[in-house]
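Chain by chain, the residues run as shown.
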2 protein chains.
Amino acid sequence: MTATGDWIDNLPDVGGELERSSTAERVADLLRGHIIDGVLAPGARLSEERIGKKFRVSRNTLREAFRLLGHERLLVHEFNRGVFVAKPDAADVVDLFRVRRTVELGAVRAGGDAPPEAVAAIGAAVEQGERARERGDWEGIGTANMAFHRAVGGLVGSPRIDEMMRQILAELRLVFHVMAAPREFYEPYLDRNRAIYELMAAGAFDTAAEELAGYFDIAERQLLDAFTGLARRD
Amino acid sequence: MTATGDWIDNLPDVGGELERSSTAERVADLLRGHIIDGVLAPGARLSEERIGKKFRVSRNTLREAFRLLGHERLLVHEFNRGVFVAKPDAADVVDLFRVRRTVELGAVRAGGDAPPEAVAAIGAAVEQGERARERGDWEGIGTANMAFHRAVGGLVGSPRIDEMMRQILAELRLVFHVMAAPREFYEPYLDRNRAIYELMAAGAFDTAAEELAGYFDIAERQLLDAFTGLARRD
DNA sequence: ACCACTTTGATTGTTGAACAATACTTCAAT
DNA sequence: ATTGAAGTATTGTTCAACAATCAAAGTGGT
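Conventions we followed
- Each chain carries its own residue numbering, running from 1 in the written order of its sequence.
- Each chain is given a letter, starting from A, and each ligand a number, starting from 1, according to the order in which they appear as written.
- Totals for whole chains, interfaces and linings use all residues, but because this is a predicted model, local features are given only for residues with pLDDT of at least 70 and pairs of side-chain atoms are given and counted only at 80 or more.
- With hydrogens and water set aside, each side-chain value is computed from the structure's full complement of heavy atoms.
- Numbered from the N terminus, helices here are DSSP runs of H or I no shorter than four residues, and strands are runs of E no shorter than two.
- By definition here, a salt bridge exists when the distance from a side-chain nitrogen of Lys or Arg to a carboxyl oxygen of Asp or Glu is within 4 Å.
- Summary of the burial criterion: residues with accessible area below 20% of their type's maximum are buried, those above 50% are exposed, and those between are partly exposed, where the area comes from a 1.4 Å probe applied to protein chains only.
- Nearness here has a simple test: a residue counts as near a molecule or strand if at least one of its heavy atoms is within 4 Å of that partner.
- The term polar contact refers here to a pair of N or O atoms within 3.5 Å; inside protein, the definition further demands a hydrogen-donor-capable atom paired with an acceptor-capable atom, and it admits residues adjacent in sequence only when both atoms are side-chain atoms.
- Residue classes follow a fixed rule: Ala, Val, Leu, Ile, Met, Phe, Trp, Tyr, Cys and Pro count as nonpolar, while Asp, Glu, Lys and Arg count as charged, and any other residue, Gly among them, counts as polar.

Trainee: Explanation requested: unusual backbone geometry in the structure shown.
Mentor: For residues that are not glycine, phi is negative in most cases, and the peptide bond is trans in most cases. Its identity as a non-glycine residue notwithstanding, A:R56 has a phi of 60°, on the positive side. Here A:R56 shows up in the loop between α2 (48–55) and α3 (59–71). In the Ramachandran plot, B:R73 falls in the positive-phi region, its phi being about 65° despite a non-glycine side chain. Its location among the elements puts B:R73 in the loop between α3 (59–71) and β2 (75–78).

Trainee: What's the story with the pattern of salt bridges in this structure? I'm lost.
Mentor: In a structure, side chains of opposite charge can pair up when their charged atoms sit close to one another. Across all of its chains, the model carries 44 salt bridges over all chains by this definition. With a shortest N-O distance of 2.8 Å, B:R67 and A:E64 are connected by a salt bridge. Of this pair, B:R67 sits in helix α3 while A:E64 sits in helix α3, which puts the two residues in different chains. For B:R67, a relative accessible area of 7% translates into the label buried. One salt bridge connects B:R166 with B:E163, and the closest N-O pair in it is separated by 3.7 Å.

Trainee: Is there a simple way to explain the protein's contact with DNA strand C in this structure?
Mentor: Not every one of the 23 residues close to DNA strand C is listed here, only the nearest: A:T23, A:T61, A:R81, B:R45 and B:R63. Separating a sugar or linking oxygen of DNA strand C from a side-chain N or O atom of B:R45 is a distance of 2.4 Å. Between DNA strand C and B:R63, the relevant distance is 2.3 Å, taken from a phosphate oxygen to a side-chain nitrogen or oxygen of the residue. Contributions of two or more residues to the surface near DNA strand C are made by α3 of chain A together with β1 (45–46) and α3 of chain B. The residue makeup of the surface near DNA strand C, split by class, is 3 nonpolar, 11 polar and 9 charged.

Take a look at the structure:
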């Protein structure tokens, strides 16, 4: 054991993994989770005093967390009135799908340059969804579908794109909470996802993009119909 | 004038135009401007106490502003050490161009669906740049080039994409400050911008996209070379 | 000169209280 | 029903305090 002495150099880089985080960030993470899971309904008002008491943090720290989530469009800040859980409307759905068409279709079309692992990650998401279907786990199917699209964005291999996708998909979760989408919503898309993945695995990225575009058209139409249904009831 | 009574319904929506803004947002705007203009050099540390004194705002308010700009990647927040003006490196340049290829090329390829005004805005940016060249106004050429690419992103017609482009281009300004780019950097691209615009005006969006892709390749290469030059001097 | 260790000083992280400014509610008056 | 005028609750912002952490200067032994 006289040792080469440089075993320490072979340790994996930890990057920012063990970065201590501020209270504001932890609070933001918590709130984000609650919003995505629907614990905090869209449109709900977040009282600084009550949430501060609940989480045992000061108002100042809480406000920092609010700024973070406001920038992610999960909260809307109305001056002198407070912060509310965002409540996306039909226009937001249209916009979200414009973004998705731009980013995801671009990612797929340039998929030929992506490393094999990136494509494999998409396949993993497909299988994750299929396993969830076998269990009858509708929640799991939805999660797997999100993972599928996050993996599609991952084809670009860009941290910034990854971050954008995370945000966009989080907003999309909010859309579902607004219109109380049926839990089976994603089920029909499982087979389509597999088809898209198979095309990519075979190197037919352009065809895959066309398939994906078709999915966007149908899904957007379906969501918008649900929204106009809601509008009529107001 | 017994009146129909519902003229008020015909009033244009004011949207958020007369939204009052918080101090934190105004401070963030100020700092953002200083960062983009290079008044605050990349890597510079922003002391809470000194900046707070300078702007006459409390530390708490200042920290809210810092959170905003941190989320825009213009500031980096190191726990217990402070906030610094972001200092993009070569990896950031690569990533920024990945994003630009995804977003801008996607925008151009789908340009056929964009309204004529959106295309016209691109032409306006081209002419703005050419006028700046006639004046020998290098600063103006750079600004016009930014406007050009912002207008390209505008083809999508999505507020979220517009916001992304604003952020990406702001980061790109930081890249220029890091490597002290020559003021004539953008000049050679003026003619290429016009060519790309003419193609789009003629409806040849796919060809325009190919041209734009060529621009990205050259510009990225040029920036990366400048960076490796810097690295050698360290 | 060089290494480990402590001490000191400065800065950030977070809290709690305070006050002004604004919004919401209630209720009276027309 | 609409308007106006309190009164109350909430947000916007500041300030002061203290703990936690980092950076730098010293300290001593070799």
